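Overview (structure and organization)
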Amino acid sequence: MTVMLTMTSDAAIDDPSSGSGIRRTVGTYVDSVVSRPLFWLLPALLFITVFQLYPVFEVFRMSLTDMSLITSEESYVWLENYRRLLGSERFYSTLRVTGLYSIASIILQIGLGLGLALAIDYGVRRGLRGPLFTRVVVLSAWIVPGIIIGLVWKIMLLETNVGVVNNALGRLGFGIVPFLSDAQIAVVSVITAGAWRGTAFSMIMFYAGLKRVPDELYRAAKIDGAGPLARFRYVTLPQLKSVVFVVTILVTIYSLNSFDLIFALTNGGPGRATEVIALSMYKSAFNSYEMGMAAATAVVLLMVTLVVTAVYFRLFDISEEI
Amino acid sequence: MARLELNDLRKTFGRGEDSVEAVSDLSLSVSDGELLVLVGPSGCGKSTTLNCIAGLDSVTDGTIRIGGDPVNERRPEERDIAMVFQNYALYPHMTAAENLEFGLKMTTGLTAAERRERVESTAELLDIDRLLDQKPKSLSGGQKQRVALGRAIIRDPSVFLMDEPLSNLDASLRSTMRTEIQQLQEDLDVTTVYVTHDQTEAMTMADRIAVMRGGTLQQVGEPLECYYRPQNRFVAEFIGEPAMNMVQVTRRGDRFVADGFEYPVPKRADHLSSGNSFTLGIRPGAIDVVEPQTGAATGTVGVVEPLGETSHAHVDIADTTLTITTDGPGTVERGDVVGVDFPPQRVHVFDVDTGVAVARRDGLPGDPVESNLNTQVD
């Protein structure tokens, strides 16, 4: 609206009678439009509104209804879905599994990702061969869809002699391990598969962070007498602080919302041993057809994610980096 | 404090056919408390040499001795050296005080209070005591360089290594810091190796200069020695601003002759064979403007660059151009036809092929031997 008003007033000032006058006027219009922040923000604003804000609003509205996939009628039940959700044993079980899965994912993905990134960075700085190959291999885990990774792991962990891992263990003289049917081992299997996949992401983030650390800092630290551990502690880690922050937040968000890999690998089983919040939401929607309940679960999951992220902002003092 | 010696130092990078020799058979010694400036163009091996002394790069061949002990196998912190880097290399997440303290924390058993005391006294020496709580981000270039110097000084090392410490500073700050570093080095009396590509820094700061090119040492000597008695054409051209004029001549009897140029052969060049070609080197400041047709050559003044007290005039003589430093404005104008001449003791003669100086003067201006020679020649 502001843009339009300016265009009109500019047009009134210029005399568009001559050809060059018209060109000048058009040029002025274009300049006045493109020099406004709104012009450049508009595409992103539209995109976010249509594809993100509106769905969030719609999910929130749905969570207040008894919307179902098997009937076209719906009525507002207001907080009934939330009352049922928070009162159910299942919710706390999935919350526990999600928490465990997320904490383990964060620790493993950050630890393994940083370790791999350090190894690659070391190789690159020393001019060794192999960093590119390692990077490609690790990254390939990242580009394969989670559902396929879930299936691959499922095949590997089959609880017969056909399963790759059980077959190998059998050759070493071990019995069949119930990777997916024992409640506790299944959780470990899911965490392992998730970490295997997610490590690639944190590795590439950490590697990018490490590349930013000037070589001179390491040289100065060597002259100052810092050994490899001290250099890591006093140079590398502080320089990676902002990357650690970003990776932690993103890995947390991904883990809290994990769905595809677990869906393919265990489908939440055995029992509900590996059922995370996102999976229970899916089951509410497409097994029980309770869209209202599924929407309420989604809203709670969003709240959990927001709260955890807010806690991170408090814990990490990254005001300098931002 | 200690004497630093390099014996036949060699450093190659890479293996097999791809290997590059960055430093070749470099032998140098720096006396206790001396400031030696390693100077040369980019890629001449000066920084590699410094890194080898620091222990940041391994040595391919040869020995480095500090205080008489070979240090080739020692880690940087065991060599009792400190280094100042071109980009300061301050730890960005630490305050100035923490930056100063870090080396002490890593290498000494001093308590926090003792370290703090050392930090404060060093900061006072460098006039950065007000900046101790600030992080590098909020410091100016000059302040950062002081903190970087402080980080080196605080450990009281035997040898200071400085890798182009002033090249990131603006011109006026650079000249101030140059004097300060020189003063500091004299006060602390620490053996120092200072790397730079700036010949002005080398001339003004050094006790001795080591000029390097392509990994090999060209000349080591006091700054004026290198200026007045260069061992080869490279040193002659590298040291001095503006660069030395070079004229290709042939000896014909008792004269050096070129197109539009004729000059009597100085006595010290008498041994050179007639009929051979040589390169004559004459510094712009040594050339006088004389009446046309009276000096060594006559030419037309081209571009004149006024600098205030002096000007640089470019005089075209046949197919060469000579740069001349003249007195301030008005001495010569563009288009003037002028004669040029210069005293015989200011003429350098180089072999055309090898660039080696073939008739170096015997001493510096003011030396007794040189005064005698001058009277003989003139």
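Since the structure is predicted, the reported quantities are computational estimates derived from the model, not experimental observations.

A few words now on the overall build of chain B. The helix and strand inventory of chain B stands at nine helices and 20 strands. By its C-alpha atoms, chain B is 75 × 50 × 45 Å across when sized along the principal axes. For chain B, buried positions account for 49% of its 378 residues. Relative to all contacts within chain B whose residues are 6 or more apart in sequence, the contacts with residues 24 or more apart total 65%. Total accessible area on chain B is roughly 16,700 Å²; 43% of this is exposed by carbon and sulfur atoms.

The subject of this paragraph is the overall build of chain A. Regarding its fold elements, chain A presents 14 helices and zero strands. Across chain A, helices and strands are ordered from the amino to the carboxyl terminus as α-α-α-α-α-α-α-α-α-α-α-α-α-α. Relative to the 2.2 N^0.38 estimate, which gives 20 Å for 322 residues, the radius of gyration of chain A is 27 Å and therefore markedly larger than a compact globule would have. A principal-axis box enclosing the C-alpha atoms of chain A has dimensions of 95 × 75 × 35 Å. Looking at the 322 residues of chain A, the share that counts as buried comes to 40%. Across chain A, contacts joining residues at least 24 apart in sequence account for 64% of those joining residues at least 6 apart. Where the 25 positive side-chain charges of chain A centre and where its 22 negative ones centre are 11 Å apart.

Let us look at the domain arrangement of chain A. Domain parsing of chain A yields domain 1 (1-35) and domain 2 (87-315). Between the C-alpha centres of domain 1 of chain A and domain 2 of chain A the distance comes to 55 Å.

Among the nonpolar cores identified, the biggest contains 63 residues, and F206 of chain A together with L38, M83, Y91, L161 and V193 of chain B are the most heavily contacted of them. If you tally residues by element for this core, the top one is helix 11 (residues 228-256) of chain A, at 10 residues. With residues up to four places along the chain from it excluded, the contact list for L161 of chain B reads L50, I53, A54, I81, A82, M83, V84 and V193 of chain B. Listed in part, the 43 residues of the second largest apolar core include A82, L149, F160 and Y194 of chain B.

Let us now look at the sheet that holds strand 8 (residues 191-196) of chain B. All names here are of chain B. Strands sit in the order 6-7-8-3-9-10 across an open sheet of six strands; the sheet is mixed. Strand pairing shows two members of the sheet lacking a second neighbour, strand 6 (81-84) and strand 10 (216-221), which therefore form its edges. Direction aside, neighbouring strands of the sheet carry axes that sit 20 degrees apart on average. Pairing of strand 3 (residues 35-39) with strand 9 (residues 208-213), which is carried by four bridges, proceeds in the parallel orientation. Following the sheet pairing, V39 is matched in strand 9 by V211. Contacts from helix 4 (residues 141-153) reach strand 6 and strand 7 (159-163) within the one sheet, and its direction differs from that of strand 6 by about 175 degrees.

On to the UniProt feature "domain: ABC transporter" (unreviewed entry) in chain B. Listed under "domain: ABC transporter" (unreviewed entry) in the UniProt record, and renumbered for this structure, are residues 4-239 of chain B. Within the segment residues 4-239 of chain B, helix and strand shares are 36% and 26% respectively, and the terminal C-alpha atoms sit 25 Å apart.

This part covers the layout of surface pockets. Of the volumes computed, that of the largest pocket is approximately 1,300 Å³. Around the largest pocket, the lining comprises 36 residues; the ones closest to its centre are Y122, R125, R126 and K222 of chain A together with L56 of chain B. Those elements that place two or more of their residues in the lining of the largest pocket are helix 5 (89-126), helix 10 (215-223) and helix 11 of chain A together with strand 1 (4-13) of chain B. Across the lining of the largest pocket, the residue classes tally to 12 nonpolar, eight polar and 16 charged.

Right, let's talk about the interface of chain B and chain A for a bit. Many authors give the size of an interface as the accessible area that is lost as the parts come together. Listed by partner, the interface residues are 27 residues for chain B and 16 residues for chain A. Summed over both partners, the interface of chain B with chain A comes to about 1,800 Å²; 59% of that surface belongs to carbon and sulfur atoms. Counting across the interface, chain B meets chain A through one salt bridge. Note that D224 of chain A is salt-bridged to R155 of chain B, the shortest N-O span being 3.6 Å. Applying the counting criterion to the chain B and chain A interface returns six residue pairs in polar contact (both at pLDDT 80 or more).

What follows is about the domain arrangement of chain B. All names here are of chain B. Taken domain by domain, chain B comprises domain 1 (4-234) and domain 2 (242-377). Each of domain 1 and domain 2 has a C-alpha centre, and these two points are 38 Å apart. Taken together, the contacts link 11 residues of domain 1 with 15 residues of domain 2. Roughly 1,200 Å² is buried in total at the junction of domain 1 and domain 2, and carbon and sulfur atoms are behind 56% of that figure. A per-residue breakdown of the area domain 1 buries against domain 2 is headed by Y228, R229 and R233, which together make up 57% of the total. Our enumeration of links across domain 1 and domain 2 arrives at one salt bridge. For R360, the salt bridge is made with E225, and the minimal N-O distance between the two is 3.5 Å. At the junction of domain 1 and domain 2, the tally comes to five residue pairs in polar contact (both at pLDDT 80 or more).

All right, on to the UniProt feature "domain: ABC transmembrane type-1" (unreviewed entry) in chain A then. The sites that UniProt annotates as "domain: ABC transmembrane type-1" (unreviewed entry) are residues 95-312 of chain A. Between the C-alpha atoms that bound residues 95-312 of chain A there is a distance of 19 Å. The span itself is 78% helix and 0% strand.

Moving on, we come to the UniProt feature "transmembrane region" (unreviewed entry) in chain A. All names here are of chain A. In the UniProt entry, the feature "transmembrane region" (unreviewed entry) is given for residues 38-57, 100-120, 132-153, 173-196, 243-265 and 291-313. Counting secondary structure, residues 132-153 comes out at 91% helix and 0% strand; the distance between its end C-alpha atoms is 25 Å. The distance separating the terminal C-alpha atoms of residues 243-265 is 30 Å; by composition the span is 87% helix and 0% strand.

On to the packing of helix 7 (residues 146-156) of chain A against helix 9 (residues 183-211) of chain A, then. Residue and element names in this part refer to chain A. Helix 9 packs onto helix 7 with a crossing angle of 130 degrees between their chain directions and a minimal axis gap of 11 Å. In terms of axis orientation, helix 7 runs oblique to helix 9. Handedness of the crossing formed by helix 7 with helix 9: right-handed. Between helix 7 and helix 9, the contacting residues are G146, I149 and W153 on the first element and T192, A193, W196 and R197 on the second. Residues belonging to the contact of helix 7 with helix 9 are distributed by class as follows: four nonpolar, two polar and one charged.

Turning our eyes to something else, we now look at the packing of aromatic side chains. According to the stated counting rule, one finds 18 aromatic pairs over all chains in the structure shown. Note on Y282 of chain A and F286 of chain A: the rings are 5.1 Å apart at their centroids and 45 degrees apart in plane angle, and the pair reads as tilted. Remark: F286 of chain A and Y282 of chain A occur in helix 13 (residues 277-286); sequence separation between them is four residues, near one turn of the helix. Measuring from ring centre to ring centre gives 6.2 Å for F261 of chain B and F342 of chain B, while their planes differ by 20 degrees; the resulting arrangement is stacked.

This paragraph deals with the side chain of T65 of chain A. Residues and elements named next belong to chain A. Checked against the element boundaries, T65 lands in the loop between helix 3 (37-63) and helix 4 (80-87). Here the side chain of T65 touches M62 through a polar contact of 2.7 Å, landing on its backbone oxygen. Of note is the side chain of T65, whose polar atom sits 3.3 Å from the backbone nitrogen of M67. Non-local contacts of T65, meaning those with residues more than four positions away in its chain, are made with E74, S75, Y76, V77, N81 and G292.

About the thresholds
- Residues numbered from 1 in each chain as written.
- Chains lettered and ligands numbered in written order.
- Predicted model: local features only at pLDDT ≥ 70, side-chain atom pairs only at ≥ 80, totals over all residues.
- Heavy atoms only, no water.
- Helix = DSSP H or I, 4+ residues; strand = E, 2+ residues; numbered from the N terminus.
- Buried < 20%, exposed > 50% of the residue type's maximum accessible area, 1.4 Å probe, protein only.
- Contact = heavy atoms within 4.5 Å.
- Areas by Shrake-Rupley, 256 points an atom, 1.4 Å probe, with all protein chains shown as cover.
- Rg over C-alpha atoms; globule rule 2.2 N^0.38 Å.
- Lys, Arg positive; Asp, Glu negative; His and termini not counted.
- Charge placed at Lys NZ, Arg CZ, Asp CG, Glu CD.
- Domains from an automatic or database assignment.
- Core = buried A, V, L, I, M, F, W, Y, C linked by side-chain atoms within 4.5 Å.
- Pairing = 2+ DSSP bridges.
- Axes fitted to C-alpha atoms, helices over the stretch in contact; angles between N-to-C directions.
- UniProt positions renumbered as here; feature names shortened; annotations may be inferred.
- 1 Å grid on protein atoms, 1.4 Å probe; cavity = no way out; pocket = protein on both sides within 12 Å on 5 of 7 lines; lining within 4 Å.
- Points joined across faces, edges and corners; volume = space filled by probe spheres on them.
- Nonpolar A, V, L, I, M, F, W, Y, C, P; charged D, E, K, R; others polar.
- Buried area = accessible area lost by both parts, 1.4 Å probe.
- Salt bridge = Lys/Arg side-chain N within 4 Å of Asp/Glu carboxyl O.
- Polar contact = N/O pair within 3.5 Å; in protein donor to acceptor, adjacent residues only side chain to side chain.
- Parallel < 35°, antiparallel > 145°, perpendicular 65-115°, else oblique.
- Left-handed = near helix turned anticlockwise from the far one by under 90°.
- Phe/Tyr/Trp six-rings, centres within 6.5 Å; stacked < 30°, edge-to-face > 60°.

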